[in-house]
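Reading the structure
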Amino acid sequence: MNRNIEIFKEKMEKEYKKIEEDVKRPNIILLGSTGSGKSSLINLIFGAEVAKAGTGKPVTKHIEKFDNPENGVVLYDSAGYETGSEQQAQFYNEVVDFAFGEEKTAEEKMHLVWYCIDSGSLRVIDLDFKLIRSFIDKNIPTCVVLTKADQVSVSESEELEKAILNEIKDINIFSVTNKNLGEGDYLDLHALIEWSADNLDEGLKESFIRTQLRG
């Protein structure tokens, strides 16, 4: 009898693993300048295990793919752009070629874009707007995440949001911090998570939520 139970459990574990492998996972790309807090945002939402050091696979010079089959999301973390027009142009072309290349399969398409901007910089450059518009034009849900928001005043944060909305109307903007300000308060972090889930279809949404629970 015990042997039969063991066989049944092994069979169920194999079936569950197969179901997990067949579940579609959302592709999320994080963009922004160098040091804009992209990796910290990943760790805050999904946990360090999702994007811990050493698990990323370079897919371009500036973009690293984190694809652990046990996680319900596939993350693309950009190294960010450096100052200088030549470096910024190279970064733009690389991102666009990677995200919208004709050879992309349905499984490789981007489902969400989190565009990270360091609140402390108090500015958004033309390259930021250009990249954001590129994804919006392709009908890919895109939001702006103002990171390290605890390091600036409310008025400074509002001015930064205003500058963004003057260029790209109706874009969703979320101010977040990786510091717990008390009782799990990370500013707009939960709103960012809700927006992301709402912009995924049911199958992808389930995987997205499941990865947070594991994180």
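Residues numbered from 1 in each chain as written. Predicted model: local features only at pLDDT ≥ 70, side-chain atom pairs only at ≥ 80, totals over all residues. Heavy atoms only, no water.

1. A closer look at the layout of surface pockets
In this model, the second largest pocket occupies a volume close to 240 Å³. Lining the second largest pocket are 15 residues, and of these S33, Y81, S121, R123 and I125 lie nearest its centre. Sort the elements by how many residues they give to the lining of the second largest pocket and strand 5 (residues 112–118) lands first, with 3 residues. Of the residues belonging to the lining of the second largest pocket, the class tally is 4 nonpolar, 7 polar and 4 charged. (1 Å grid on protein atoms, 1.4 Å probe; cavity = no way out; pocket = protein on both sides within 12 Å on 5 of 7 lines; lining within 4 Å. Points joined across faces, edges and corners; volume = space filled by probe spheres on them. Helix = DSSP H or I, 4+ residues; strand = E, 2+ residues; numbered from the N terminus. Nonpolar A, V, L, I, M, F, W, Y, C, P; charged D, E, K, R; others polar.)

2. So, the packing of helix 2 (residues 38–46) against helix 6 (residues 189–198)
Where helix 2 meets helix 6, the closest approach of the two axes is 12 Å, and the angle between their N-to-C directions is 80 degrees. By the angle between their directions, the pair helix 2 and helix 6 is classed as roughly perpendicular. Together, L41, L44 and I45 of helix 2 and L189, L192 and I193 of helix 6 make up the contact between the two elements. (Axes fitted to C-alpha atoms, helices over the stretch in contact; angles between N-to-C directions. Parallel < 35°, antiparallel > 145°, perpendicular 65-115°, else oblique. Contact = heavy atoms within 4.5 Å.)

3. A word on the packing of aromatic side chains
For the structure on display, the rule yields 6 aromatic pairs. Ring geometry for Y76 against F98: centres 5.2 Å apart, planes inclined by 55 degrees, an arrangement best described as tilted. Placement of Y76 in strand 4 (residues 74–78) and of F98 in helix 3 (residues 85–100) is noted, with a sequence separation of 22 residues between them. Of the two residues, Y76 and F98, both sit in the buried class. Every member of this aromatic cluster is reached through a ring pair, and the members are F46, W114 and F208. A cation over a ring is seen here: K130 above Y92, with NZ or CZ 4.2 Å from the ring centre. Its end group placed over the ring of F100, K138 keeps NZ or CZ at 5.5 Å from the ring centre. (Phe/Tyr/Trp six-rings, centres within 6.5 Å; stacked < 30°, edge-to-face > 60°. Buried < 20%, exposed > 50% of the residue type's maximum accessible area, 1.4 Å probe, protein only. Lys NZ or Arg CZ within 6 Å of the ring centre and 35° of its normal.)

4. Side note on the environment of R133
As for its position among the elements, R133 is in helix 4 (residues 126–137). By relative accessible area, which is 33% here, R133 ends up partly exposed. As a C-alpha pair, R133 and E167 span 34 residues in sequence and 9.8 Å in three-dimensional space. Once residues lying within four places of it in the same chain are set aside, the contact partners of R133 are E167 and I168. Of note is the side chain of R133, whose polar atom sits 3.1 Å from the side chain of E167. (Polar contact = N/O pair within 3.5 Å; in protein donor to acceptor, adjacent residues only side chain to side chain.)

5. Digging into a negative patch on the surface
A cluster of like negative charges, contributed by D97, E102, E103, E107 and E108, occupies part of the molecular surface. Checked against the element boundaries, E102 lands in the loop between helix 3 and strand 5. According to the relative accessible area criterion, E102 is exposed, its value standing at 84%. (Patch = residues over 30% accessible without salt bridge, like charges linked within 9 Å, V, L, I, M, F, W, Y side chains within 5 Å. Areas by Shrake-Rupley, 256 points an atom, 1.4 Å probe, with all protein chains shown as cover. Salt bridge = Lys/Arg side-chain N within 4 Å of Asp/Glu carboxyl O. Lys, Arg positive; Asp, Glu negative; His and termini not counted. Charge placed at Lys NZ, Arg CZ, Asp CG, Glu CD.)

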